[in-house]
Amino acid sequence: MEITLNGEVKKVGVKNIYDLVKSLELDSDGVVILHNDEIVKKDLWQGSHLNVKDSVEVLYFVSGG
Amino acid sequence: MDKLILGGVEFESRLLTGTGKFSSKDEIPKMLKASESQIITMALRRINLNNRDENILNYIPKNITLLPNTSGARNAEEAIKIARIARAAGCGNFIKIEVINDMKYLMPDNAETIKATKVLADEGFIVLPYMTPDLIAGQRLKEAGAAAVMPLGSPIGSNRGIETKAIIEIMIENIDLPIIVDAGIGKPSQAAEAMEMGAAAVLVNTAIACSPNPAEMGKAFSLAVKAGRMAYKAKMAEESRYANASSPLTGFLHNN
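Residues numbered from 1 in each chain as written. Chains lettered and ligands numbered in written order. Predicted model: local features only at pLDDT ≥ 70, side-chain atom pairs only at ≥ 80, totals over all residues. Heavy atoms only, no water.

Novice: Please clarify how the overall build of chain A should be interpreted in this entry.
Specialist: Scanning chain A from N- to C-terminus turns up 1 helix and 5 strands. The N-to-C order of helical and strand elements in chain A reads β-β-α-β-β-β. Radius of gyration (C-alpha) of chain A: 11 Å, near the 11 Å computed for a compact globule of 65 residues. Principal axes of the C-alpha set define a box for chain A whose edges measure 40 × 25 × 20 Å. Taken across its 65 residues, chain A has 46% of its residues classed as buried. (Helix = DSSP H or I, 4+ residues; strand = E, 2+ residues; numbered from the N terminus. Rg over C-alpha atoms; globule rule 2.2 N^0.38 Å. Buried < 20%, exposed > 50% of the residue type's maximum accessible area, 1.4 Å probe, protein only.)

Shown next as structure tokens:
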């Protein structure tokens, strides 16, 4: 299924946000997910199902002043 | 030293630091320890899935208060969105609002900053807005619910010191909130100057991070901030146009 992941169209073989984060091998601490522009808290990742053409933004904290 | 209180939270240190521009992130925890800074800024970005940078939170000890900024926001709406995302990530209630459209001097947009402050303060954030020095905008920020006001000393990363001194002095005198000088402080003497003026704290990033020895520079800033605060509390002697002798001018050598 194709979704837009951080602005790029990608084919993914996962069904929810939890599996997506896992498949990206991300350290889930401090990672924030926007699913179709809505913030999804970590405890809701498993229940957030992905549909074709959904947009997912994976954000985290970087250096800054 | 008297405590810094922001949004009801007490801090021993009056030096806020930033995580930007360090040549190695390993320097960050060393700098925090040496400088005794208790609040540090960071920014929120998209993860680059092809070239991953390490999560900055891994370098910040748990006892440090995180101050995410809204850098990248060009209006109030974007700043509000970034703040909500940062809180959802578990970074606590502190937020540094930074709304910038001017890419040459990185001067913050006060009108949009006031709007974002109002919305976020109402949502329970402890809002620290970065702003272009101005008395009325500072008062509006207070009315909007800011926990402090953070006027710039000179443009971000310029190391030029407190070029906006006269306005910041007026703000300190007339706004009943902690005034934190953020941006432009390039050396410890300038941090001491801000504290002598009565600033509640200073935020220093570039000047510490770009030193070849950030921990040592952090400590130097910490000492300067303490010295400046101590001098402010002890009340400095008045300036005068002419000399006032410190030694008795006894007249035994001359008769007149």
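Let's pick the thread back up.
Novice: What's the story with the nonpolar core in this structure? I'm lost.
Specialist: When a protein is soluble and globular, its nonpolar side chains tend to lie buried together. Within the largest apolar cluster, 61 residues are counted, with the highest numbers of intra-cluster contacts made by Phe61(A) and Val202(B). Sort the elements by how many residues they give to this core and helix α2 (residues 76-88) of chain B lands first, with 7 residues. Residues within four places of Phe61(A) in sequence aside, it is in contact with Gly30(A), Met42(B), Ala43(B), Leu44(B), Asn55(B), Ile56(B), Leu57(B), Pro68(B), Ala86(B), Ala89(B) and Cys91(B). One finds Leu5(A), Ile17(A), Leu50(A) and Val62(A) within the second-largest nonpolar core, a separate group that totals 21 residues. (Core = buried A, V, L, I, M, F, W, Y, C linked by side-chain atoms within 4.5 Å. Contact = heavy atoms within 4.5 Å.)

Novice: Got a minute to help me understand the interface of chain B and chain A in this structure?
Specialist: By a widespread convention, an interface's size corresponds to the accessible area lost as its parts come together. With 31 residues of chain B at the interface, the matching set in chain A holds 24 residues. Between chain B and chain A the total buried area reaches about 2400 Å² when both faces are included, carbon and sulfur atoms providing 60% of it. Here chain B and chain A share 2 salt bridges between them. Across the salt bridge formed by Glu57(A) and Arg46(B), the nearest N and O atoms sit 2.7 Å from each other. Those elements giving two or more residues to the side of chain B that touches chain A turn out to be β4 (39-46) and α2 of chain B. Looking at the side of chain B that touches chain A residue by residue, the classes come out as 13 nonpolar, 8 polar and 10 charged. Of the pairings in the sheet, the one linking strand β5 (residues 55-62) of chain A to β4(B) comprises 4 bridges and is antiparallel in character. Among the inter-strand pairings, Val62(A) is bridged to a residue of β4(B), identified as Ala43(B). (Buried area = accessible area lost by both parts, 1.4 Å probe. Salt bridge = Lys/Arg side-chain N within 4 Å of Asp/Glu carboxyl O. Nonpolar A, V, L, I, M, F, W, Y, C, P; charged D, E, K, R; others polar. Pairing = 2+ DSSP bridges.)

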